[in-house]
Amino acid sequence: MQAMRQRGFTLIELMVTLTILAVLASVALPLSQIAATRNREEQLRQALWQMRSSIDAYKQAVDDGRVNKSLEDTGYPPELKTLVEGVKDLKDPSGKKIYFMRRIPRDPFCDCPSKSDAETWGLRSYASPADAPADGRDVYDVYTLSNGVGLNGIPYRNW
């Protein structure tokens, strides 16, 4: 009569399996962090492109005589919310507004829930130099306030 053999895993088999799983998890974690950073970088790229295109469209509307401009104005919007709230179209007899953006995107690298979407961005006026951006009477450009460096090695502020 043969002795009944118990079925199951030995302690060594379980330890080897757990070790393999730990090695796989330690390899997957950095890859998922890079994927999350890459996703936030893409959101930043799209937000900057959208806002800069809207600022340029506003300037073009001023140059075309569709938006009221005084002699002291540069032709750029006075603040970001102007792009969302719209401005009266001087060439439209019914007085309709021109809208340049539906909403101001939020900076994906700003971990500041108490700030509004517009407050998450750094603003550069037309009068400020490119190497030392500062806000002023208008919005010539926008940039992120993040001090981080992108996966491409360029600081986010310089994007």
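In case you missed it, the structure is sitting above this.
Moving on, we get to the pairing of strand 4 (residues 141–144). Side chains Asp141 and Tyr143 of strand 4 all project onto a buried face; the interleaved residues Val142 and Thr144 project onto the opposite face, where all are buried too. Note that strand 3 (residues 121–124) and strand 4 share 4 bridges and pair antiparallel. Considered in strand 4, the bridge of glycine 122 is made with tyrosine 143.

Before going further, it helps to examine the state of the cysteines. Applying the stated rule across the entire model yields 1 disulfide. Residue cysteine 110 pairs covalently with cysteine 112 via a disulfide, S to S 1.6 Å. Where cysteine 110 bonds to cysteine 112 through sulfur, the torsion about that S-S bond is close to 90°, and the disulfide is right-handed.

Next up on the list: helix 1 (residues 11–63). Helix length check: helix 1 (53 residues) gives 78 Å between terminal C-alpha atoms against 78 Å at 1.5 Å per residue, within 8%. Among all positions in helix 1, only Glu41, Leu44, Ala47, Leu48, Met51, Ser54, Ile55, Tyr58, Lys59, Ala61 and Val62 are buried. Lining the buried residues of helix 1 we find helix 2 (81–85), strand 1 (87–88), strand 3 and strand 4. Glycine 65, located one to two residues past helix 1, shows a positive phi value of around 80°.

Further remarks concern the side chain of threonine 144. Mapped onto the elements of the fold, threonine 144 is located in strand 4. When its relative accessible area of 0% is taken as the criterion, threonine 144 is described as buried. Among the polar contacts made by the side chain of threonine 144, one reaches the main-chain amide nitrogen of serine 146 at a distance of 3.3 Å. Not counting the four nearest positions on each side in its chain, threonine 144 is found in contact with Leu44, Asp107, Phe109, Trp121, Tyr156 and Arg157.

What counts, and where the lines are drawn
- Within each chain, residues carry numbers counting from 1 in the order of the written sequence.
- Only residues with pLDDT of 70 or above have their local features reported here, since the model is predicted, and side-chain atom pairs are shown and tallied only from 80 upward, although totals for entire chains, interfaces and linings are computed over all residues.
- Side-chain figures throughout are based on the complete set of non-hydrogen atoms in the structure, without hydrogens or water.
- Between buried and exposed lies partly exposed: a residue is buried under 20% and exposed over 50% of the maximum accessible area for its type, with that area taken using a 1.4 Å probe on protein chains only.
- The helix and strand labels rest on DSSP assignments: H or I over at least four residues marks a helix, E over at least two residues marks a strand, and numbering proceeds from the N terminus.
- Following DSSP output, two strands are said to pair if at least two bridges run between them.
- By convention in this document, the label disulfide applies to cysteine sulfur atom pairs within 2.5 Å.
- The length a helix should cover is 1.5 Å for every residue beyond the first.
- In this analysis, two residues are considered to be in contact whenever any of their non-hydrogen atoms come within 4.5 Å of each other.
- A 3.5 Å cut-off defines polar contacts: any pair of N or O atoms within that distance qualifies, except that in protein one atom must be a possible hydrogen donor and the other a possible acceptor, and neighbouring residues in sequence count only when both atoms are side-chain atoms.

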